Amino acid sequence: MNYEAWVLDALLAFPLLAAVAVLLRPVREAKWIALVATLIEFLVSVPLWWKFDVTTAAMQFQVARPWIAGWGVWFRLGLDGISLFMVLLTTFTMPLAVLGSFNYIREKERAYYGLLLVLTTGMLGVFLALDLFVFYVFWEIMLIPMYFLIGVWGGPRRLYAAIKFFLFTFVGSLLMLVAILTIYYYVGRATGTYSFEYYHLLSNIQVTDRWGFWLFGAFFLAFAIKVPLFPFHTWLPDAHVEAPTAGSVILAGILLKMGCYGFLRFALPFYPNVVLDPTVVTVVVLLAVIGIIYGGLVAMVQPDFKKLVAYSSVAHLGFVMLGIWAATVQSLEGAIIIMISHGISTGALFFLAGMLYERRHTREIAAFGGLAKVVPLLAAALTIVALSSIGLPGTNGFIGEFLVLIGSFPIYPWAVVVAATGVIVAAMYMLRALQRVIYNKLDNPDNEGMLDLSRRELAVLVPLIALIFWIGVYPAPFLRRIETSTSMLVEQVRGAQAPEHFEVGGQR
Amino acid sequence: MWPVIDLGMPGGIAVALLPELVLTGWALFLTILVAWRHRSNDDQLLVGYLAAVGLVLTAAVVVVFWLAGARAGGLETMIALDSFRYIADLIFLLGALLAVLLSMGYLGRERILVPEYFLLLLYATVGMMFMGGGADLIVIFLGLEVMSVSVYVLAGIDRRSVFCAEAALKYFLLGAFASAFLLYGIALVYGFTGTTNLGLIYAQTTTWALQENTILLVGIAMLLVGFGFKVAAVPFHMWTPDVYDGAPTPITAFMAAAVKAAAFAAMFRVMLEALGTTAVVWTEAVWWLAAITMVVGNLVALAQRNLKRMLAYSSIGHAGYLLTAVASGTDFGAAAFLFYAFAYTIMTVGAFAIVAAAGRRGERDLRVEDLNGLSKRRPWLALAMMVFMLSLLGFPGTAGFIGKWFILSAAVEAQNGLLAVVLVGTTVISAGYYLPVVMAMFMKPPASDDVHEHVRVTGIARWVIAATAVVLLVLGVWPGRAMDAAEQGGQDLRPSVMITVSR
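Small disclaimer: the values here were computed from a predicted structure and weren't measured. (Residues numbered from 1 in each chain as written. Chains lettered and ligands numbered in written order. Predicted model: local features only at pLDDT ≥ 70, side-chain atom pairs only at ≥ 80, totals over all residues.)

Engineer: What am I meant to see in the overall build of chain B here?
Structural biologist: Secondary structure summary: chain B contains 20 helices and two strands in total. Referenced to the eigenvectors of the C-alpha coordinate spread, the extents of chain B come out at roughly 80 × 55 × 40 Å. Within chain B, buried positions represent 63% of all 503 residues. Long-range contacts, defined here as pairs at least 24 residues apart, represent 81% of the contacts in chain B between residues at least 6 apart. (Helix = DSSP H or I, 4+ residues; strand = E, 2+ residues; numbered from the N terminus. Buried ≥ 20, exposed ≤ 12 C-beta atoms within 10 Å, placed from the backbone. Contact = placed C-beta atoms within 7 Å.)

Engineer: Help me out: how do you make sense of the interface of chain A and chain B in this one?
Structural biologist: Interface size, as often reported, equals the accessible area lost upon joining of the parts. With 23 residues of chain A at the interface, the matching set in chain B holds 22 residues. Among the elements that take part in the side of chain A that touches chain B, helix α8 (residues 158–191) of chain A stands out by supplying 13 residues, more than any other.

Engineer: What is the right way to look at the environment of Asp 80 of chain A in this model?
Structural biologist: All names here are of chain A. Mapped onto the elements of the fold, Asp 80 is located in the loop between β2 (73–79) and α4 (81–100). With 23 residues separating them in the primary sequence, Asp 80 and Asn 103 have C-alpha atoms 37 Å apart. Once you skip the residues sitting within four places of it in the chain, Asp 80 turns out to touch Ala 57, Met 59, Gln 60 and Ser 485.

Engineer: What exactly am I supposed to notice about the pairing of strand β1 (residues 60–68) of chain A here?
Structural biologist: Both faces of the sheet carry side chains from a regular strand, because those side chains alternate between them. Residues and elements named next belong to chain A. Relative to β2, β1 is paired through six bridges, and the arrangement is antiparallel. For Ala 64, the partnering residue across the bridge sits in β2 and is Arg 76. Between the antiparallel neighbours β1 and β2 lie four residues, among them Gly 72 with a positive phi of about 70°. (Pairing = 2+ DSSP bridges.)

Engineer: Explain the packing of helix α9 (residues 214–231) of chain B against helix α11 (residues 249–274) of chain B here, please?
Structural biologist: All names here are of chain B. Contact geometry of α9 with α11 gives a least axis separation of 8 Å together with a crossing angle of 160°. Comparing their axes, α11 and α9 come out roughly antiparallel. With respect to the hand of their crossing, α9 and α11 are arranged in left-handed fashion. Contacts from Leu 223, Phe 227, Lys 230 and Val 231 in α9 reach Lys 260, Ala 263, Phe 264, Ala 266, Met 267 and Val 270 in α11. Taken together, the residues of the contact of α9 with α11 sort by class into eight nonpolar, no polar and two charged. (Axes fitted to C-alpha atoms, helices over the stretch in contact; angles between N-to-C directions. Parallel < 35°, antiparallel > 145°, perpendicular 65-115°, else oblique. Left-handed = near helix turned anticlockwise from the far one by under 90°. Nonpolar A, V, L, I, M, F, W, Y, C, P; charged D, E, K, R; others polar.)

Engineer: Would you explain unusual backbone geometry in this entry?
Structural biologist: Negative phi characterises most residues that are not glycine, and trans characterises most peptide bonds. All names here are of chain A. The step from Val 227 to Pro 228 runs through a cis peptide bond, and the omega angle for that step is -10°. Mapped onto the secondary structure, Pro 228 falls in the loop between α10 (212–226) and α11 (235–242). Residue Pro 231 is reached from Phe 230 by a cis peptide bond, and omega for that bond is 5°. Residue placement: Pro 231 occurs in the loop between α10 and α11. In this structure, His 361 takes a positive phi of about 55° despite not being glycine. For His 361, the position within the fold is in the loop between α16 (329–360) and α17 (371–374).

Engineer: Whenever I open this one, helix α7 (residues 162–193) of chain B confuses me. Can you help?
Structural biologist: Residues lying three or four places apart along an α-helix face the same way, a consequence of the helix completing one turn every 3.6 residues. Residues and elements named next belong to chain B. The end-to-end C-alpha distance of α7, which contains 32 residues, comes to 46 Å, matching closely the 46 Å that a straight helix rising 1.5 Å per residue would cover. When we look at burial in α7, the residues that qualify are Cys 164, Ala 167, Ala 168, Tyr 171, Gly 175, Ala 178, Leu 182, Gly 185, Ile 186, Leu 188, Val 189 and Thr 193. On the buried face of α7, the contacting elements are α6 (137–155), α8 (198–207), α9 and α10 (239–246). Positioned one or two residues after α7, Gly 194 has a phi angle of 75°, which is positive. (Expected span 1.5 Å × (residues − 1).)

Engineer: Is there a simple way to think about the packing of helix α14 (residues 331–358) of chain B against helix α17 (residues 399–413) of chain B in this case?
Structural biologist: The description of two helices packed together rests on the angle between their axes and the distance between the axes. All names here are of chain B. Interaxial distance between α14 and α17 falls to 9 Å at its minimum, and their mutual angle equals 160°. It follows from the interaxial angle that α14 and α17 lie roughly antiparallel. Handedness of the crossing formed by α14 with α17: left-handed. The residues of α17 that touch α14, namely those facing Phe 332, Gly 333, Ala 336, Phe 339, Tyr 340, Ala 343, Tyr 344, Ile 346 and Met 347, are Ala 399, Gly 400, Ile 402, Gly 403, Phe 406, Ile 407, Ser 409, Ala 410 and Glu 413. A breakdown of the residues in the contact of α14 with α17 according to their chemical character gives 13 nonpolar, four polar and one charged.

Engineer: What is the right way to look at the nonpolar core in this model?
Structural biologist: Side chains that are nonpolar tend, in soluble globular proteins, to be buried together. Counting residues in hydrophobic clusters, the biggest one holds 427 residues, and the most contacted among them are Phe 339 and Tyr 340 of chain B. Not counting residues up to four positions away in its chain, the partners in contact with Tyr 340 of chain B are Tyr 321, Leu 322, Ala 325, Gly 403, Phe 406 and Ile 407 of chain B. (Core = buried A, V, L, I, M, F, W, Y, C linked by C-beta atoms within 7 Å.)

Purely spatial values, then, with no claim about function.
Okay, here's the thing in structure tokens:
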């Protein structure tokens, strides 16, 4: 059988099998099985990069088989330029997450690694599903492993953080379920075909336009909570801070992207008229910009390194939302690049926070100082990653933010002006923290005996840093793969509203 | 003749009643047996096993009817012959069977020696079968009384417990009150249609355009009040927490699952088959009942610390979900009910089985905190409890989700979008009390190392718990066949025989 036919099935099924293997084998093998499994998973997903056809915006590698056929529920999977990198980001992050947990997780290892593997399937399912029922099931299923990861292996306030995370997501997603069912019925009634298939619903979505605002609202709430868009972000700092390192990495790197992905895949193409409604635009862009500035300002005053990173996520995701709502080819490409690079940079920052914590059992920024002398490698890695998070040219952070800003400028000039100051705020909080942790005087004797990065930790960080520079210096291969799908999306959104083709920034 | 049964002939009626006759005959046989042997726990166990056999036998007869597609040759005079009845019967029989299996270990542990216990369960089940299958208001009422009287006694079966006695008395008084309402409703409906046969009532109301008739509407309101009591809809729910709390735990499970399912089955049959013409009017009333029941049931459950009481209130919330299916006023809603009732029976019995395993002396003092760290000592039990909790919550991957999805579909299809929103809103509230149970078991440390030492699940109960958990998961992933069957069952409630009454 050729690769295109089996790869998506394999990507979803393999982690589940591996999870069973983890549970059946002795405890000491658990982490190794998980590592090997996630590595294989990554290797299986890598050829997607080459096999992906950049000339078409259609779904590729499609799989379809009946599940609850009488109800029009089919197990449909597919991949396009928007989901390709989400999938690759997931498979890339998971082995690192497993490797990063080797020392941190000491109890109930089998359950922990089993849950990580189940989580992998859940996340990939969200990005691959082309049937709204399947999408919803994966969207919810993935809550359980994350709930346990936070609740069982988390920090001191883990119970509170876990239930808050669960409830916030649950509220949004249940309303989304009602919206999905409503669309299903109205489209079914109008066309005679009752099906949850994405394209079937998409091409007949206009029959629900009368309730477009409310249906869109249900999707919006579900995704905005997940992103998280200000003011729905309050679960995020708690969850991020309390989760174990790998949990934070996955939360920031992948889970938040599900919200963005939901906007790109469902909310925007389904209800372009509502998306571009002037009031909705004003509100969302305002919230995105508030998120950028507010996230940055709050990050500035955080004494806790992990919390600082968590709030910086709010700011980064604000850029993504701005790019999505500008809905030009460039801004959308930028948004997707930020989604990728935020996963890499913030993931790396959480890993580093975890490594610092493992050494000193504190995350207080003030407890560190002058680490450059003691642990030069760790300091260098932290510097690179922090700079990429700020968006220094030559790193991945710059490309995404730059594209979003120039892509959005013709549409929302004022928002872009304010958002651009967010980059300066980012520099302020990140550099302040960097200076305090790495460069100040080595005034705390506890820091003197710190060990530098081990080989295992290097193995976690080096791939991330390599990607930081790759995207920063030569993003063309990424953009090429994203472009066709985003152009298509822009057409869907803008085409519905304005008769003339909307072209901003011209061709590259 | 078979499988088309002529209900006009006495022989036809006898064939149509075969499932009920088998169970009644078996129960009478056991009654004689109990008169002989009632002195030791072994006698009691013997009766229990025999009761289980009787239930399985009856289920086999029902399955034969179902597979053969037995149906009525003409008007369904006394008893209906449709797949709604067969599926409903199977749900009651399953609920009763699970209750019997759980009771055998439980009665021994709690030192309750009353072999009649199992007889009463069988009689109650016979009553339920008449409720779900009756094609005449009188038959349904008789079924309801047979069931209720048996369950009144069951609620008070532990004569040494004052709470048990309180529960029984409360249940009896309020239940009698509710029966009176129902009977008055039946009388009014009869008064204005001249018949108690469901099919004929439908024909009369359609032909004479009685949907505006005030007295008929008052009759319908009375019926709704009567059913509302039995399904524990707010504001007729006051008896539920005390009765559920005081009764022996397997009986609580039986009441929460099977008794409620029977009341709903009767409600669907009467409302759709007889009063379908007036749906516009009564769906509005049920709409409000459903909304209030969901909100109140879930909010009050949130405030409970006692596990058994929490499940009692949560069962009120679930009654609200089922009322949402009623409020859709369609056969699709009836299909949703069949599926949900099946799933709900399984998960409720499973959850109560674990409550029974973890508690002592009627489980009145078992709090959520008492499950802290259960996963350390009894990992499989904790895992099963998690499945039940997630299924009750309606989480994907479990049968509870499919059921909720079914009900939501029915609501959306009937353009009750707002009610669907209330349903999901209250589901979020319910996460506030189901999740802490999961949290306690898996995320909190046990109070001491040996605190769960006494949590012991004996032979049969262990199988019951394992089987229910597995069925919930399997049904959550492959619900196709069960959903199709439920849909067929719902469609059978459409008034099939069009009778025109000459003016």
